[in-house]
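Geometric and topological summary
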Amino acid sequence: MVVLATAIVSLNGNWNLKGWPTPRRGSVRTLDAVPAAEVSVPATVPGCYELDLCAAGLLPNLFYANNHYSVRKYEGHQWLYARKFTMAKVPADETAILEFDGLDTLCDVFLNGQKVGEAEDMFIPHAFDVSKAVREGENEVAVLFRAPVVEAQFKDIAPIGNVSPNRGSELDGFRKPAHMKGWDILPRFISAGIFRDARLVLRKPERIRDWFCAQTAIDLEKKKARFLVDLRLEGDFCRLDNSELEVAVSRRGKSVLTRRLKVVHWAPRLGFDIVNADFWWPRGFGEPALYDVKIAWKDLATKSVLSEKSFKIGVRKIEFTLADYEIATKKPGEMLFTVNGKPCFIRGTNWVPVDAFHCRDRDRIVPTLELVRDANCNMIRVWGGGLY
């Protein structure tokens, strides 16, 4: 999650973790109802409760023999993550946002005892406006997790008789990766925790809330491509008619084009053409050429930047041909990928989670991609049961 922030307070590092079996009367949703903890240990963010319990000596090495079964007794637990941090006074013209890049999964979020939001989706980042809850000096943030295995009994995803019995349906109603309930490639860990970076940021009212860039046309012979960028803006009404968007495209540090558009509403669209384009090619067929795109929302009078986004794009045309076939010996047909008009022989692999605990993904993705490179692959199919 990228914002033009005036201040950032990292909430990574040391937290406190408490756990208890979900009460028979139902999951605890408020801090004043938290019972006496059965488990109380130091925690690390990014992380998960399993690794914290391992570090505290309450669980064995989970990747040795059948030790992963020892986690089963904690699947019905609730978990409370909490820590304190110091904050300067928030300026009147700025907003305090509590950001979590990854929450796993069902949880309520509190700041200084006040509920500021909740989450139920592991696949997306979450941001909560805490301007009314944050205070100058010491603050305490807490995240109260519920157990999906317990909550599943109240979550019907289909009429009875229509749910597959394979591997159970306990996670099917929740936005958690399917592999967590156990797969042939990974052990069962129905985890919980703050598994990606956490922070508190201060930002101005104006921001580029969302963006989407698409290549809409390409002429291979003329080496020309058309792109459209859709934006969603937030800010004070006075910014309409008094600000502009600037799109700058460059390659290898050299300017390719600059486009400007006056902002008259909150959902602007910009178009631009890249001519004499350097094409993107898959591994083994040429350079994977990329262009740098920077979008800046600026005040018309002062030219000061209100918000900005940066990303990369590639110019390419990929076509897939699948001709009719019956049996290979009778009518083999054709299955062909063509990139920028040239047939490409595909050397593919299947991407599955690099770790059963996604708090460790970041350290393993690049080494795994290096293995893909060493295997001379040029296509990756991403398995749908992981975290994406």
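These lines cover the structure that appears in this document, whether it is placed above or below.

Basis of the calculations
- Residues numbered from 1 in each chain as written.
- Predicted model: local features only at pLDDT ≥ 70, side-chain atom pairs only at ≥ 80, totals over all residues.
- Heavy atoms only, no water.
- Helix = DSSP H or I, 4+ residues; strand = E, 2+ residues; numbered from the N terminus.
- Buried < 20%, exposed > 50% of the residue type's maximum accessible area, 1.4 Å probe, protein only.
- Contact = heavy atoms within 4.5 Å.
- Areas by Shrake-Rupley, 256 points an atom, 1.4 Å probe, with all protein chains shown as cover.
- Lys, Arg positive; Asp, Glu negative; His and termini not counted.
- Charge placed at Lys NZ, Arg CZ, Asp CG, Glu CD.
- Disulfide = S-S within 2.5 Å.
- Salt bridge = Lys/Arg side-chain N within 4 Å of Asp/Glu carboxyl O.
- Pairing = 2+ DSSP bridges.
- Axes fitted to C-alpha atoms, helices over the stretch in contact; angles between N-to-C directions.
- Phe/Tyr/Trp six-rings, centres within 6.5 Å; stacked < 30°, edge-to-face > 60°.
- Lys NZ or Arg CZ within 6 Å of the ring centre and 35° of its normal.

A few points about the overall build of the chain
When its secondary structure is counted, the chain shows 3 helices and 24 strands. Its C-alpha atoms give the chain principal-axis dimensions of about 70 × 70 × 40 Å. By residue count, 42% of the 388 residues in the chain fall in the buried class. Restricting to contacts in the chain with at least 6 residues of sequence separation, those with at least 24 account for 68%. Carbon and sulfur atoms form 50% of the exposed surface of the chain, whose accessible area is close to 21,100 Å². Placing the 55 positive and 49 negative side-chain charges of the chain at their respective mean positions leaves the two points 3 Å apart.

Topic: the state of the cysteines
Here the structure, examined in full by the defined rule, presents 0 disulfides. Unpaired in terms of disulfides, Cys48 finds its nearest cysteine sulfur in Cys359, a separation of 4.1 Å. Residue class for Cys48 comes out buried when judged on its relative accessible area of 4%. A disulfide-free cysteine, Cys377 has its sulfur positioned 14 Å from the sulfur of Cys344, the nearest such atom. What makes Cys377 buried here is its relative accessible area of 12%.

Looking at the pattern of salt bridges
As enumerated under the stated definition, the model contains 36 salt bridges in all. Across the pair Lys176 and Asp104 runs a salt bridge, and its minimum N-O distance is 2.4 Å. Pair noted here: Lys176 is in the loop between helix 2 (148-151) and strand 11 (193-194) and Asp104 is in strand 6 (residues 103-104), with a separation of 72 residues, a long-range link. Here the salt bridges share partners, and the residues they tie into one network are Arg29, Asp108, Lys115, Glu118, Arg146 and Glu151.

So, the environment of Ala88
If you trace the backbone, Ala88 turns up in the loop between strand 4 (77-87) and strand 5 (95-100). Taking the C-alpha atoms as reference, Ala88 lies 5.1 Å from Glu136; in sequence the two are 48 residues apart.

So, the pairing of strand 5
Along a regular strand, successive side chains alternate from one face of the sheet to the other. By the criterion of burial, strand 5 is predominantly enclosed, with 5 of the 6 residues buried. Where strand 5 and strand 12 (residues 198-203) come together, 6 bridges link them in antiparallel fashion. When the bridges of strand 12 are listed, Ala96 appears paired with Leu202. Where strand 5 lies against strand 9 (residues 126-129), 4 bridges are found, and the strand directions are antiparallel.

So, the environment of Lys294
Secondary-structure assignment places Lys294 in strand 18 (residues 291-299). Here the alpha-carbon distance between Lys294 and Lys312, two residues 18 residues apart in the chain, equals 8.7 Å. Contacts of Lys294, omitting those with residues within four sequence positions, involve Glu246, Val247, Ala248, Glu308, Lys309 and Ser310.

Describing the sheet that holds strand 13 (residues 207-219)
Sheet strands line up and pair through hydrogen bonds in the backbone, either parallel or antiparallel. The 3 strands lie next to each other as 13-14-17, forming an open sheet whose pairing is antiparallel. Edge positions in the sheet fall to strand 13 and strand 17 (269-274), since each has one partner strand and no second. In this sheet, neighbouring strand axes are inclined to one another by 20° on average, regardless of whether the strands run parallel or antiparallel. Pairing geometry for strand 14 (residues 224-234) and strand 17, over 6 bridges, is antiparallel.

Focus on the sheet that holds strand 19 (residues 305-313)
Spatially, 4 strands are ordered 16-15-18-19 in an open sheet, and the strand pairing comes out antiparallel. Looking at strand neighbours, the two that pair on one side only are strand 16 (254-262) and strand 19, the edges of this open sheet. Looking at each pair of strands side by side, their axes are set apart by 15° on average, direction ignored. With 8 bridges joining them, strand 15 (residues 243-251) and strand 16 adopt antiparallel strand pairing. Counted as the bridge partner of Glu244 is Lys262 from strand 16.

Things to note about the packing of aromatic side chains
Geometry of an aromatic ring pair is reported as the spacing of the ring centres plus the angle between the planes. Overall, the coordinates contain 13 aromatic pairs when judged by the stated rule. Plain terms: the ring middles of Phe189 and Phe357 are 4.6 Å apart, the flat faces sit at 35° to each other, and that makes the pair tilted. In this pair, Phe189 is assigned in the loop between helix 2 and strand 11 and Phe357 in the loop between strand 23 (348-351) and helix 3 (361-374), connecting sequence segments 168 residues apart. Each member of the pair Phe189 and Phe357 is classed as buried. Three or more aromatic residues joined by ring pairs make a cluster, and in this case those are Trp15, Tyr81 and Phe145. In this arrangement the basic side chain of Arg175 is found over the ring face of Phe123, its NZ or CZ atom lying 4.3 Å from the centre. When the ring centre of Tyr291 is taken as origin, the NZ or CZ atom of Arg251, which lies over that ring, is 5.9 Å away.

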